[in-house]
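Single-letter residue listing:
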Amino acid sequence: MAMEKTFNAAEAESRLYKAWEEAGCFKAGANAKPEASTYCIMIPPPNVTGVLHMGHAFNNTLQDILIRWKRMQGYDTLWQPGTDHAGIATQMVVERELAKSQQPSRRELGREKFLEKVWEWKEKSGGTIVEQLKRLGASCDFSRTAFTMAGAHGDTRVGHENSPNFHDAVIKVFVEMYNKGLIYRGKRLVNWDPHFETAISDLEVENIEVAGHMWHFKYPLANGATYTYVEKDEDGNVILEEERDYISIATTRPETMLGDGAVAVHPSDERYAPIVGKLCEIPVGPKEHRRLIPIITDEYPDKDFGSGAVKITGAHDFNDYQVAKRGGIPMYRLMDTKGQMRADGAPYDEAAGIAMAVAKGEKTLSENEADAVNLVPDDLRGLDRFEARKLVVEQITSEGLAVMHSVTRTDPESGEDVQVLEPYVENKPIMQPFGDRSKVVIEPMLTDQWFVDAEKVVGPALDAVRNGDVKILPESGEKTYYHWLENIEPWCISRQLWWGHQIPVWYGPGNINKNDDGTLMLSYQPDDLVIFCASSSEEAIAKASDYYGFPVTEVADWKEADGVLGGDFATGIWRDPDVLDTWFSSGLWPIGTLGWPDATPEMQKYFPTSTLVTGQDILFFWVARMMMMQLAVLDENLPVKERIPFDTVYLHGLVRDAKGKKMSKSTGNVVDPLEIIEEFGADALRFSSAAMAALGGVLKLDMERLKGYRNFGTKLWNAVNFAHFNNVYDETVPAYACPDAKAAVNQWIIGETAKVRVEVDAALEAYRFNDAANALYAFVWGKVCDWYIELSKPLFNSDDEAVIAETRQTLGWVLDQCMILLHPIMPFITEELWGNTAKREKMLVHADWPTYGTELVNADADAEMNWVITAIENIRSTRAQMHVPAGAKIPMVVTEFSDQARTAWEKNEAMIQKLARITSLEQVESFPKGCASVAAPGASFGLPLADVIDVDAEKARLEKTLGKLAKELGGLRGRLNNPKFAASAPEEVVAEARENLAAREEEEAMVKEALARLAEIA
């Protein structure tokens, strides 16, 4: 069969992928042997808004390697694909599209019409990443593509008969977990995105270092009280003693002072012991209504940082929230959903009076009552939080309540330096949280949300890993898993969005009383509402009707519910407008995609699944939550091994650039995998992914290596072309079986093939993808394409037809094994070669994975040929080191020659002389002067070079190189030995310097060795 000169990846990849799909090669169970064990991988569902990036390319390549390998082994495989509805991202994209096309906004459309627009967008543009995964070669069963909103109201998808109703599974789980007391509604601090007006997860928050300020303010003690403030040094000597009528604090967010509930100091801080328990005044707001708050002790403040005193604003700071919970400190919310200072509620004087009564112990407030108190002064209400910050600072400073410090300034008139007092404001970098999509500053906010009581479901998930039912790789991942789950907090699962699974909860009024005229009097206060959790509105209405004992209807909100009250004792219930966090629905991915809660054949066959390949950054957000949820919702009577979602979790890090630096658009080092595929082909990208996938290692994408792996494919292509040239692939010949070879060269390569098969399988079993890739690279390029091709040429030129036939059979079989073993990593070029060679019963994707092993290794042939290769390599190395002209053919002498070495030489003399460019071999008593030694097992060879090279010129060249290297090494060692460099330079810069040092040291050692050789022959 004629072959093209080179592999045309751009043309072949789409053609081959189409052929695989049309043949059903990727469908669940394809190529499974009778009674085969199952092997199932769940794809980490990419966002439906997403496009393929390097993280996806890397992650999915590893999954594809495993699934193709297992499929070829005859397992009953399923690689389950699908996408996540990505609530906040999708809503953002569709709103942006509406604005771009000048259509009505989300609010103008209303919820129902807006969701229709989202489904329209999903049908039109939501499958982009699936098509891009195909370009990578992902062999998922795309006929089963799942979607986390499948089956939800408005689902317009067609042709997805194999896609299960994921929505019903999500709703069922919520209802069951709520009924078991595992889900509840309450107030907690969350990451609040003022742009999207929703809670977001920690993973959706980017902490970025920005230029910030730390303001220092005085909180005056109540009623003019004073105390003696004493500071001491480490030895206990007094360095400052003064009377103070205030306690000072420092803050980066002065606007939150308005919601302070206390000032906290460490219990061991002697400076403030005299005033613990006293009240101090918040230095902002109308003077006649200044609030007082207590000074308390807590372990949280660091007495060695700043003043050692911290303000506690429980509704707007995560650390403060914990202090407030421990100390029973009221938490006052200052901002609305847009991040503006609240403008609702009673006037400030009334609100401040309530807070004052609480501070004095005269009144207590529930969480909802405290939340209703608006402590924003009237003149600041409705302002943007950052505008309010400026005014708060101005007001405090104008009253003389800023901490002052002495600074040197130049007098504009005299030009002399003078000491002046100024407000103490530190200009310093601070870490500020931003929404990863909105790019606005995230506000910690106390809001009403739905939570999973994670403490109640975490136990089985911890036990499953501890007892070995689930293995996490690398092992460091297990420690992280334990740390997170042993310190787990309630999981916020509600989002204030429209796109998503709407929470299946309806509210009704409480405190039902009948007026004298027969009408009802109901309470719509948050603390009084009745919750009806149900799978549908019909079920909720039935529950509510039973509860109230009279007819109930569904309405939009509590105002409409109040409006339907009447003499017929009717009322209304209204649905919670929030949707579920996407991590909640994706937490059901392993069972939801298989059709649970129905006992589908897929659920019965493929669950529990086998291997999960995912990023270490979502170990907690996704992996742990899948563990918790599956163990919580599946039949508790089943053994744990039948309820765990997977048995192995392979965690990897971020793909970085060649220098180990994180890829980012701002840095300009982001690499588009589709561009790589277009330039180098998908196989090169896949091989690169496998080669850098060391367990726990740093993933560095090097463009030079990509070029090398493309060349690697070309090397294999050329080897097959060589086989065609030597009539290995006669059209009348079926695929070759492993020959019973007689020639040592053929016996040797058969043994080498067997050894690499064993090595590859062991590596893949242990998830050492890099070891598998490196073993195949060394074998295919080094052993087959270099050595065996060269060593086979004399056999093909033989006059012995039997030797030629045997060599053809051996080369054909070996190249087939190369294609088979490489296929999981490089599927396109190997499938193309497979089809361009012998007659095949089936495509390579379904070829049988070999099971042969070391029984194919012929020990004598192995020893003989490895000796030959070692001898040739050492001769070539010495020639290169001594700068012997490449074309020069020179004689060689030998002083020691064991019987085994002599036999190997004599059997392969012509081959060695040709490949090492040696004209003759003479045995001598001792090496003549000017001879470079060459070692080989059982032999001591020498190359007489005195008349071949200019020793003095070569020595001068090497000494010059050595001098240059010494300067480079000195500079590198100086940088790395400088503590400031190691401490301040970016991690990737330090790593690069270490790598350069190692490379230069290796080069120096080689130059010194060459000089030593020159000294021998001088």
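Since this is a predicted model, take the numbers as computed values, not measurements. (Residues numbered from 1 in each chain as written. Predicted model: local features only at pLDDT ≥ 70, side-chain atom pairs only at ≥ 80, totals over all residues. Heavy atoms only, no water.)

Regarding the overall build of the protein
Part 1 of the argument: From N to C terminus, the protein includes 32 helices and 36 strands.
Part 2 of the argument: With the C-alpha coordinates of the protein rotated into their principal frame, the extents come out at 120 × 85 × 55 Å.
Part 3 of the argument: The buried share of the protein, reckoned over its 1018 residues, is 53%.
Part 4 of the argument: When contacts within the protein are restricted to residue pairs at least 6 apart in sequence, those whose partners lie at least 24 apart make up 77%.
Part 5 of the argument: For the protein, the computed accessible surface area is about 45000 Å², with 49% contributed by carbon and sulfur atoms.
Part 6 of the argument: Between the centroid of the 106 positive side chains of the protein and the centroid of its 155 negative side chains there is a distance of 3 Å. (Helix = DSSP H or I, 4+ residues; strand = E, 2+ residues; numbered from the N terminus. Buried < 20%, exposed > 50% of the residue type's maximum accessible area, 1.4 Å probe, protein only. Contact = heavy atoms within 4.5 Å. Areas by Shrake-Rupley, 256 points an atom, 1.4 Å probe, with all protein chains shown as cover. Lys, Arg positive; Asp, Glu negative; His and termini not counted. Charge placed at Lys NZ, Arg CZ, Asp CG, Glu CD.)

Observations concerning the packing of aromatic side chains
Part 1 of the argument: For the structure on display, the rule yields 41 aromatic pairs.
Part 2 of the argument: Arranged with centres 5.7 Å apart and planes meeting at 75 degrees, the rings of Phe 532 and Tyr 547 form a pair that is edge-to-face. A residue pair is termed long-range when its members are at least 10 positions apart, and Phe 532 in strand β25 (residues 530–533) and Tyr 547 in helix α14 (residues 537–548) qualify at 15 residues.
Part 3 of the argument: Ring pairing ties together the aromatic residues Phe 174, Tyr 178, Trp 450, Trp 491 and Phe 584, which thus form one cluster.
Part 4 of the argument: Sitting over the ring of Tyr 39, Lys 70 keeps its end group 5.4 Å from the ring centre.
Part 5 of the argument: Across the ring face of Trp 834, the terminal group of Arg 840 is positioned such that the distance to the ring centre comes to 3.7 Å. (Phe/Tyr/Trp six-rings, centres within 6.5 Å; stacked < 30°, edge-to-face > 60°. Lys NZ or Arg CZ within 6 Å of the ring centre and 35° of its normal.)

Here we look at the pattern of salt bridges
Part 1 of the argument: Applying the stated criterion across every chain yields a total of 60 salt bridges.
Part 2 of the argument: Residue Glu 11 pairs with Arg 15 through a salt bridge whose shortest N-O separation is 2.7 Å. Of this pair, Glu 11 and Arg 15 are both found in helix α1 (residues 9–22), four residues apart, which corresponds to roughly one turn of the helix.
Part 3 of the argument: Since its relative accessible area comes to 38%, Glu 11 is described here as partly exposed. (Salt bridge = Lys/Arg side-chain N within 4 Å of Asp/Glu carboxyl O.)

Quick look at the sheet that holds strand β35 (residues 931–936)
Part 1 of the argument: The strand order across the open sheet formed by four strands is β34-β33-β36-β35, and the pairing between neighbours is mixed. Strands with a single pairing partner mark the edges of an open sheet, and in this sheet they are β34 (918–923) and β35. Neighbour-to-neighbour, the strand axes of the sheet open up by a mean angle of 30 degrees, direction not taken into account.
Part 2 of the argument: Of the pairings in the sheet, the one linking β35 to strand β36 (residues 939–944) comprises six bridges and is antiparallel in character. Across the sheet, Ser 933 pairs through a bridge with Gly 942, a residue of β36.
Part 3 of the argument: Running over the sheet, helix α28 (residues 899–907) touches β33 (890–897), β34 and β36 and is turned about 150 degrees from β33. (Pairing = 2+ DSSP bridges. Axes fitted to C-alpha atoms, helices over the stretch in contact; angles between N-to-C directions.)

Notes on the nonpolar core
Part 1 of the argument: With 235 residues, the main nonpolar core has Phe 174, Tyr 481, Phe 584, Leu 815, Trp 867 and Phe 941 as its most contacted residues.
Part 2 of the argument: For this core, the element with the highest residue contribution is helix α24 (residues 769–796), accounting for 15 residues.
Part 3 of the argument: The contacts of Phe 584, once residues within four sequence positions are left out, are Val 170, Val 173, Phe 174, Met 177, Ile 183, Val 452, Trp 491, Ile 493 and Met 629.
Part 4 of the argument: Counting 37 residues, the second largest nonpolar core, distinct from the first, contains Tyr 227, Ile 282, Val 284 and Val 393. (Core = buried A, V, L, I, M, F, W, Y, C linked by side-chain atoms within 4.5 Å.)

Digging into the packing of α24 against helix α25 (residues 801–822)
Part 1 of the argument: Axis separation between α24 and α25 bottoms out at 11 Å; the angle between their running directions is 170 degrees. For the element pair α24 / α25, the angle class is roughly antiparallel. Crossing hand, α24 versus α25: left-handed. Taking contact as the criterion, the partners of Leu 776, Phe 779, Val 780, Val 784, Tyr 788, Ile 789, Ser 792, Leu 795 and Phe 796 in α24 are, on α25, Val 803, Ile 804, Thr 807, Arg 808, Thr 810, Leu 811, Val 814, Leu 815, Cys 818, Leu 821 and Leu 822.
Part 2 of the argument: Looking at the contact of α24 with α25 residue by residue, the class counts come to 16 nonpolar, three polar and one charged. (Parallel < 35°, antiparallel > 145°, perpendicular 65-115°, else oblique. Left-handed = near helix turned anticlockwise from the far one by under 90°. Nonpolar A, V, L, I, M, F, W, Y, C, P; charged D, E, K, R; others polar.)

Examining the packing of helix α3 (residues 87–100) against helix α5 (residues 111–125)
Part 1 of the argument: Closest axis-to-axis distance for the α3/α5 pair is 10 Å, and the angle between their directions is 95 degrees. Judged on the interaxial angle alone, α5 and α3 are roughly perpendicular. Here Thr 90, Gln 91, Val 93, Val 94, Glu 95, Glu 97 and Leu 98 of α3 lie close against α5, whose contacting residues are Phe 114, Lys 117, Val 118 and Trp 121.
Part 2 of the argument: Class assignment for the residues of the contact of α3 with α5 results in six nonpolar, two polar and three charged.

A closer look at the environment of Ala 534
Part 1 of the argument: You can see Ala 534 is positioned in the loop between β25 and α14.
Part 2 of the argument: Residue classification places Ala 534 among the buried positions, given a relative accessible area of 0%.
Part 3 of the argument: Placed 360 residues apart in sequence, Ala 534 and Phe 174 show a C-alpha to C-alpha distance of 9.2 Å.
Part 4 of the argument: Those residues in contact with Ala 534, other than ones at most four positions away along the chain, are Val 175, Pro 504, Trp 506, Glu 539 and Ala 540.

A closer look at the environment of Arg 409
Part 1 of the argument: If you trace the backbone, Arg 409 turns up in strand β15 (residues 404–410).
Part 2 of the argument: In this structure Arg 409 touches Glu 416, Asp 417, Val 418, Val 420 and Glu 422, once residues within four positions along its chain are discounted.
Part 3 of the argument: Looking at Arg 409, its side chain comes within polar contact range of the side chain of Glu 422, at 2.9 Å. (Polar contact = N/O pair within 3.5 Å; in protein donor to acceptor, adjacent residues only side chain to side chain.)

Some remarks on a negative patch on the surface
Part 1 of the argument: A cluster of acidic side chains, namely Asp 233, Glu 234, Asp 235, Asp 302 and Asp 304, defines a negative patch on the protein surface.
Part 2 of the argument: For Glu 234, the position within the fold is in the loop between β8 (227–232) and β9 (238–244).
Part 3 of the argument: With relative accessibility at 85%, the residue Glu 234 sits in the exposed group. (Patch = residues over 30% accessible without salt bridge, like charges linked within 9 Å, V, L, I, M, F, W, Y side chains within 5 Å.)

A few points about helix α6 (residues 128–136)
Part 1 of the argument: Here α6 has its buried residues at Ile 129, Val 130, Gln 132, Leu 133, Lys 134 and Leu 136.
Part 2 of the argument: With its phi angle positive at about 100 degrees, Gly 137 sits one or two positions after the end of α6.

As for unusual backbone geometry
Part 1 of the argument: Here the residue pair Leu 473 and Pro 474 is connected by a cis peptide bond, since its omega of -5 degrees sits within 30 degrees of zero.
Part 2 of the argument: Residue placement: Pro 474 occurs in the loop between β19 (471–473) and α13 (476–486).
Part 3 of the argument: Omega for the bond connecting Phe 607 with Pro 608 falls within 30 degrees of zero, at 0 degrees, which places this linkage in the cis form.
Part 4 of the argument: Its location among the elements puts Pro 608 in the loop between α18 (601–606) and β29 (611–615).
Part 5 of the argument: Even without being a glycine, Asn 31 presents a positive backbone phi close to 70 degrees.
Part 6 of the argument: As for its placement among the helices and strands, Asn 31 is situated in the loop between α1 and β1 (38–42).
Part 7 of the argument: Unlike most non-glycine residues, Asn 727 shows phi in positive territory, near 60 degrees.
Part 8 of the argument: The topology assignment puts Asn 727 in the loop between α22 (703–725) and α23 (744–765).

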